[in-house]
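Single-letter residue listing:
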Amino acid sequence: MREAYHIPSTLEEAARLLARYGGAARVVGGGTDFFVDEGHQDVSALVDVTRLEGLSDVSYHPPFVVIGCGATHSRIVASPLIQQRGTALAEACGQIGGPQVRNVATLAGNIAHALPAADGTLALLALGGEVMVAWAEGDALRTEWRALAQMFLGPGRSAIDSTRHIIAAMRFLPTGEREASAFARVMRPQGVALPIMGLAVRVRLGEDLATVESATVTAGPAGPVPFCARQCAQVLQGRPLNERVIAEAGEALLAEAQLRDSPHRATRAYRAQVLPVLLRRALHAAYRRAQAAQHQYA
Amino acid sequence: MAQLELTINGERRSAEVHPGAFLADVLRETFGLTGTKIGCNEAECGICTVLVNGMPVNSCIYPALKAHGAHVETVEGLARNGVLHPLQQAFIDHGAVQCGFCTPGLIMTAKALLDANPNPSEDDIKHALKDTYCRCTGYVSVIHAIQDAAARLRGEPPVPPSLPQTKTPLRVVGQPLPRPDAVAKVTGAARYTDDYVFPNMLHAATLRAGIPHARIRRIDVSKARALPGVHAVLTHEDVPGSKNHGLVYNDWPVLCYDKVRYVGDAVAIVAAETREIAEQALRLIEVEYEPLPVVDDPVAALQPGAPKVHEQGNLLKHIHVEKGDLEAGFAEADVIVEGEYQTATTEHAFLEPECAIGRVTDDGRVEVYVGSQIPYADRRQVAAALGVPEDRVRIIGTLIGGGFGGKEDIAGQIHVALLARATGQPVKMLYRRSESLIFHPKRHAVRFKVKVGAKRNGRFTAMRIELWGDTGAYASLGDKVMTRAATHASGPYEVPNVRIDCYAVYTNNVPAGAFRGFGVTQSAFAIESAIDELAQRLRLDPIHIRRLNALRVGSVTNTGAVIRESAGLLECIARVEESLKQEGTPWVFRKADVPNKVYAWGFATAYKNTGLGGGAPDRSEVEVEAFTDGSVEVRTSAAEIGQGLVGVLASIAAEELGVPYERARVLLSDTDLTPDGGPTTASRQTYVTGNAARLASIQLRQRLAAVAAEMLDAPVESLRFADGWVRHHGRAVAFGEVVAQAHREGIRTRLSHLYEAPKTQPLGTGGDMHFAFSYAAQAALVEVDLETGEARCLKIISATDVGRAINPLALQGQIEGGIVMCLGNALTEEFIQEKGVPFTNRFARYKMPSIRHTPQIISHIVEDAAAEGPYGAKGVGEISSIPTTPAITNAIYAATGVRVRKLPVDQDWLLRQLRAQREG
């Protein structure tokens, strides 16, 4: 039976509450995954972190775009900053659920859920995201920025112990001149309401607006945790973004991604066919955007 | 407990709530605002949507305490001073309300959209309502209603609904009239079973088997009985009467006694002070099982040595259809195609989970409140289980949040009656979605072997079809469903030589029973696919080959019946063909800007019986009463499951008695107050109960005419009943006055009529197996993404022969809803079971069409009157859904060259087929 539902108004208070329960309470965001999963009924107290002061929106703290743990998917999608300079994240968050879910579900919750195909997580990972972890030590509030990639132990297993730690915020360096990001995914209309393949890219072009100066590619499910495709990005680096290079990058991606059969979701063979398609679609979109971003931030 | 203070619909409210409570429960139970409905408890269906500080949220999983200090808007707050909000009015005007259960959620989601965007495009609407489901309307009318409401809110004139062309209406019949229950449904006032609360009411829960096949060794309920708050725990030992129930075969245990035969089997039931305590008690019941081998496939179940689901063996029924000389027919053929097809088990996904309330009255009778498709069958089965005469049981029908065939069998009716008797208190049993999914009968998964022979010109010479239907653990309506599947298996065509063998087979899967289309949905997929293949082999136009063979007046069906009238199939085909010409696109085409996609059309036809047929007496009784205030009431036990029967009956009574439509009330489904209208199945109610209402109304009019003739000093034949008056030339007397005069003369103004539909013949005896058929033709435009295998249906052109449109607005809703439901059958829906264990135990694992799947629908009505039908009408509930699936899969073939042989179309499979095709 649930004994308490706390809605603290500061991060300090939230961290102290968790510490006070000593493991018997846990953090909850929008709860759109949490409350559906009937396995959590034994958690005696919940600490809702969606209304912490200064942590419920998107803001620009140069050089970073900072997203508070209370920021819902709707807020993220509606943020002009993210639309323009973290486009992949706006695209990914816009594809999750319907408005009722997006109005409540948070990106921090998406990260804490640690699913390898989580849309928002894949996009933030491609953007080079970091996560601020907060906890109470005695009366003191401790915080620490960690790379997003370190947050995952396995499918559904977070490196964060949500009975002790809070994902307080996320941040990334916004895309700048000649730079852009994009997200692409494919769903299957039967079986399970989960994406069967998602992919995000961040691309920076050279002065010639044709050569890839740097690229990040993430995909999932392509392993036990959200996957960063380094070989694929390597192939793109320093090359003009034409169909031959994209095809080569697709092959590299297939070689490094761990694709598998998941019952009622997708076969490995299917995933292997669509992954390069998603890569091409996302690269095309990011490439067009990067070219358009030529003078925007000059 | 914690203190919750909030503003609901502008009013400050406060309450002590449990910290774990969700907003939907608090709104419904603490504040009595039952307009907010709960469909799934998992944030999937969206029908519980309310606005929190203007933002739509799924209230079923929104912590109540999170709404502390917030402004909450629910459907009850929209109408002001009795004036409906433009959205509410537009939903009524466009027929966007059917069963009404999802209506509050759709309206609230739409309100949030219009608050933010006063002029939304169709894409904006589809984006906003993406996760707010409706199973009745197919969403077309919903989109139109929202656009209309937006226009009204912008101060523009209302946009009238676009309706299909139909025959010139009579005074009432044939007019597009709003549903009589629409206002209650858009304001949240409409009450479904779970909205009823009685003093001292207990809450019940059912222990389900959880394993597909086992012998019961021991049941120990002592710990559960000892739990504080528990009032009763019952097992099979507590069933005083019949241990089994069933609609056709009495094979389904009320509570299992020797074996469990599927995961959803009921083993014990509990009544307790709260639902949580009842569920806790279930976990304290000890059941020892001896697991038995599981059989989960109908073909395997017929093999010697297969595990036996029932003692008498696994074959429920072998159905045989024979016409002509099959061998001679194939010998005559120039070309023969053969194929195997497989359809999926599918789920009705009515948005209202099953609920029943039982209570014992002061005189010891048992009352059951339930939204059921067959109230009198409920009464029979409840009485039998209790071991009491039927008149000691009263079934009181509540509003029904969708049925589609899934609320014909007993769910909690018997259980709440048993628990009410055991406790002496009212008892409510509400299934969670997860329980509803694993418990109630589904659409049969059917395997087909099809062989079709034809002459070079396309004329069919012979068809050999074999069907194996998985009827699951209990018979339900499996015998009848598979009989319909078999007799319709050769399609709406005249075929000289036919042999069909169909096997309805028990397995340890969830039972299968009635589901809109009743077996014909499955058969149509197989035969229309085979005919498409035949047309392609013969290089014939797929429309031409169907026209050539189509049933028409004078044709003989595969069961030996002669079609004598009302066969509008050729006209349906012609209307679709004409629309296709106006589309002006080639059969297969591509678009320059989307090189990865290919577009193509597919075509299919269908027919569906009206009424029970096969020799079963098909009766309905209706009582009509006229009152001195000028109103009339029509009474019958027939289910309003969203299809619009209340409107049909009101129209008919208003037409015949000459009162305004608004003055004709309809009282349904109370076995003490309303006579038996028979089951709401087989597309029969408009025809059978409609006729009963028409004939009862005519008789009452004749009786009143005799009185009025005296009053007006005019001959009876010259009187006109219209608009609430009885007229003779210039003189008139009010209808209510005539009723008052009748009463003064001691003449009763209440009478009933028992209508019996034309006699039919059992299968195998020749003659009319059915008294009427409805027909349809459809063309589907699909888009296939060659890179991902994703297939979408963009447009459906439909023509449906319904005999007569009694209410074109309601009819259009039935047609659009049927099309979208079976678009799901083709592309999205599959109830997945693994060795008898449902994988689909949540809505998140059953994808029915959302508003984003809704295609453009062009709908033509063909009215080839049935002489005996009311005003020429025949069945409409099922027919439109039947050709949709094969029209879509045939279009996918045209687009890709890949023949779909298994439903639903799997993009994963399709993409791999495309690749295999490319590679050789």
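Residues numbered from 1 in each chain as written. Chains lettered and ligands numbered in written order. Predicted model: local features only at pLDDT ≥ 70, side-chain atom pairs only at ≥ 80, totals over all residues. Heavy atoms only, no water.

Enquirer: Report on the overall build of chain B, specifying residues and quantitative values.
Expert: Of regular secondary structure, chain B possesses 23 helices and 36 strands. Relative to its length of 920 residues, chain B is compact, with a C-alpha radius of gyration of 27 Å against a globular reference of 29 Å. Expressed as lengths along the three principal axes of its C-alpha atoms, the size of chain B is roughly 80 × 75 × 60 Å. The buried share of chain B, reckoned over its 920 residues, is 66%. When contacts within chain B are restricted to residue pairs at least 6 apart in sequence, those whose partners lie at least 24 apart make up 78%. With an accessible surface of roughly 30,000 Å², chain B has 49% of that area assigned to carbon and sulfur atoms. (Helix = DSSP H or I, 4+ residues; strand = E, 2+ residues; numbered from the N terminus. Rg over C-alpha atoms; globule rule 2.2 N^0.38 Å. Buried < 20%, exposed > 50% of the residue type's maximum accessible area, 1.4 Å probe, protein only. Contact = heavy atoms within 4.5 Å. Areas by Shrake-Rupley, 256 points an atom, 1.4 Å probe, with all protein chains shown as cover.)

Enquirer: Tell me about the overall build of chain A, and please be specific about residues and values.
Expert: Per the secondary structure count, chain A includes 10 helices and 14 strands. The C-alpha atoms of chain A give 19 Å as radius of gyration, which agrees with the globular expectation for 298 residues (19 Å, within 12%). For chain A, the spread of C-alpha atoms along the principal axes amounts to about 60 × 50 × 30 Å. Taking all 298 residues of chain A together, the buried fraction comes to 59%. Taking the intrachain contacts of chain A between residues at least 6 apart in sequence as the baseline, contacts between residues at least 24 apart amount to 62%. Total accessible area on chain A is roughly 11,400 Å²; 49% of this is exposed by carbon and sulfur atoms. If the 29 positive side-chain charges of chain A are averaged to one point and the 27 negative ones to another, these points end up 4 Å apart. (Lys, Arg positive; Asp, Glu negative; His and termini not counted. Charge placed at Lys NZ, Arg CZ, Asp CG, Glu CD.)

Enquirer: Give a detailed account of the sheet that holds strand β10 (residues 166–172) of chain A, specifying residues and quantitative values.
Expert: Residue and element names in this part refer to chain A. In spatial order, the strands read β4-β5-β10-β6-β7; together these five strands make up an open sheet with antiparallel pairing. The open sheet has two edge strands, β4 (58–61) and β7 (140–147), and neither has a second partner. Between one strand and the next, the sheet's axes are offset by a mean angle of 25°, whatever the strand orientation. Where strand β6 (residues 130–137) meets β7, eight bridges bridge the pair, whose relative direction is antiparallel. Of the residues in β7, the one forming a bridge with Glu-130 is Ala-147. Against the sheet, helix α1 (residues 11–21) contacts β6, β7 and β10, and its axis sits at roughly 60° relative to β6. (Pairing = 2+ DSSP bridges. Axes fitted to C-alpha atoms, helices over the stretch in contact; angles between N-to-C directions.)

Enquirer: Give me the lowdown on the nonpolar core, citing residues and values where you can.
Expert: As a rule of thumb, nonpolar side chains are buried together in soluble globular proteins. Residues Phe91(B), Ile146(B), Val270(B), Ile285(B), Leu351(B) and Leu419(B) are the most contacted members of the largest nonpolar core, which totals 110 residues. When residues are assigned to domains, this core turns out to be shared by domain 1 (196–292 + 352–401 + 407–439) and domain 2 (445–613 + 764–919) of chain B, each giving three or more. (Core = buried A, V, L, I, M, F, W, Y, C linked by side-chain atoms within 4.5 Å. Domains from an automatic or database assignment.)

Enquirer: Go over the sheet that holds strand β2 (residues 11–17) of chain B with me, naming the residues and quoting the values.
Expert: Residue and element names in this part refer to chain B. Reading across from one edge, β2-β1-β5-β3-β4 is the order of the five strands in this open sheet, with mixed pairing throughout. Of all the strands in the sheet, the pair left with one neighbour each is β2 and β4 (55–58). Neighbouring strand axes in the sheet, compared pairwise and without regard to direction, differ in orientation by 40° on average. When strand β1 (residues 2–8) meets strand β5 (residues 71–73), the two strands line up parallel, connected through two bridges. The partner of Thr-7 across the bridge, within β5, is His-71. Its contacts with the sheet place helix α3 (residues 103–116) against β3 (49–52), β4 and β5, and it is angled at close to 35° to β3.

Enquirer: How would you sum up the interface of chain A and chain B? Please name residues and give values.
Expert: With 45 residues of chain A at the interface, the matching set in chain B holds 48 residues. Across the chain A/chain B interface, buried area totals approximately 3,700 Å², and carbon plus sulfur atoms make up 54% of it. Applying the counting rule to chain A against chain B returns five salt bridges. Residue Arg280(A) is joined to Glu787(B) by a salt bridge in which the shortest nitrogen-to-oxygen separation is 2.3 Å. Connecting chain A to chain B are 19 residue pairs in polar contact (both at pLDDT 80 or more). Put simply, the parts of the chain that give the side of chain A that touches chain B at least two residues each are β1 (4–6), α5 (99–102), β11 (179–187) and α10 (268–292) of chain A. The leading source of residues in the side of chain A that touches chain B is α10(A), at seven residues. Residues belonging to the side of chain A that touches chain B are distributed by class as follows: 21 nonpolar, 16 polar and eight charged. (Buried area = accessible area lost by both parts, 1.4 Å probe. Salt bridge = Lys/Arg side-chain N within 4 Å of Asp/Glu carboxyl O. Polar contact = N/O pair within 3.5 Å; in protein donor to acceptor, adjacent residues only side chain to side chain. Nonpolar A, V, L, I, M, F, W, Y, C, P; charged D, E, K, R; others polar.)

Enquirer: Go over the packing of helix α15 (residues 520–537) of chain B against helix α16 (residues 542–549) of chain B with me, naming the residues and quoting the values.
Expert: All names here are of chain B. For the pair α15 and α16, the least separation of the axes is 9 Å and the interaxial angle reads 115°. The angle between α15 and α16 places the two elements in the roughly perpendicular class. In the crossing of α15 with α16, the sense of the turn from one axis to the other is right-handed. Along the contact surface, α15 presents Glu-528, Ile-531, Asp-532, Leu-534 and Ala-535, while α16 presents Pro-542, Ile-545 and Arg-546. Tallied by class, the residues present in the contact of α15 with α16 amount to five nonpolar, no polar and three charged. (Parallel < 35°, antiparallel > 145°, perpendicular 65-115°, else oblique. Left-handed = near helix turned anticlockwise from the far one by under 90°.)

Enquirer: For empty space enclosed by the protein, give the residues involved together with the corresponding values.
Expert: Residues and elements named next belong to chain B. If you walk through the whole model with that rule in mind, you get 12 cavities of 30 Å³ or more. Along its surface, the largest cavity is lined by 36 residues, and Gln-643, Ser-683, Gln-814, Val-876 and Gly-877 are the ones closest to its centre. Broken down by class, the residue content of the lining of the largest cavity amounts to 15 nonpolar, 15 polar and six charged. Residue assignment places the lining of the largest cavity across two domains, with domain 2 (445–613 + 764–919) and domain 3 (619–756) each supplying three or more. Quantified by volume, the second largest cavity comes out at close to 150 Å³. Forming the boundary of the second largest cavity are 18 residues, of which Gly-95, Val-97, Arg-179, Leu-809 and Ala-810 lie nearest the centre. Here the lining of the second largest cavity gets three residues from one element, more than from any other, and that element is helix α21 (residues 808–827). Built from parts of two domains, the lining of the second largest cavity gets at least three residues from each of domain 2 (445–613 + 764–919) and domain 3 (619–756). (1 Å grid on protein atoms, 1.4 Å probe; cavity = no way out; pocket = protein on both sides within 12 Å on 5 of 7 lines; lining within 4 Å. Points joined across faces, edges and corners; volume = space filled by probe spheres on them.)

Enquirer: Give a detailed account of the domain arrangement of chain A, specifying residues and quantitative values.
Expert: All names here are of chain A. Each assigned domain of chain A is listed here: domain 1 (4–115 + 129–172) and domain 2 (179–292). Summarising the inter-unit geometry, the C-alpha centres of domain 1 and domain 2 are found 26 Å apart. Between domain 1 and domain 2, the residue contacts involve 12 residues of the former and 10 residues of the latter. Between domain 1 and domain 2, roughly 960 Å² of surface is buried when both sides are summed, and carbon and sulfur atoms account for 58% of that area. A per-residue breakdown of the area domain 1 buries against domain 2 is headed by Ala-88, Glu-91 and Gln-95, which together make up 43% of the total.

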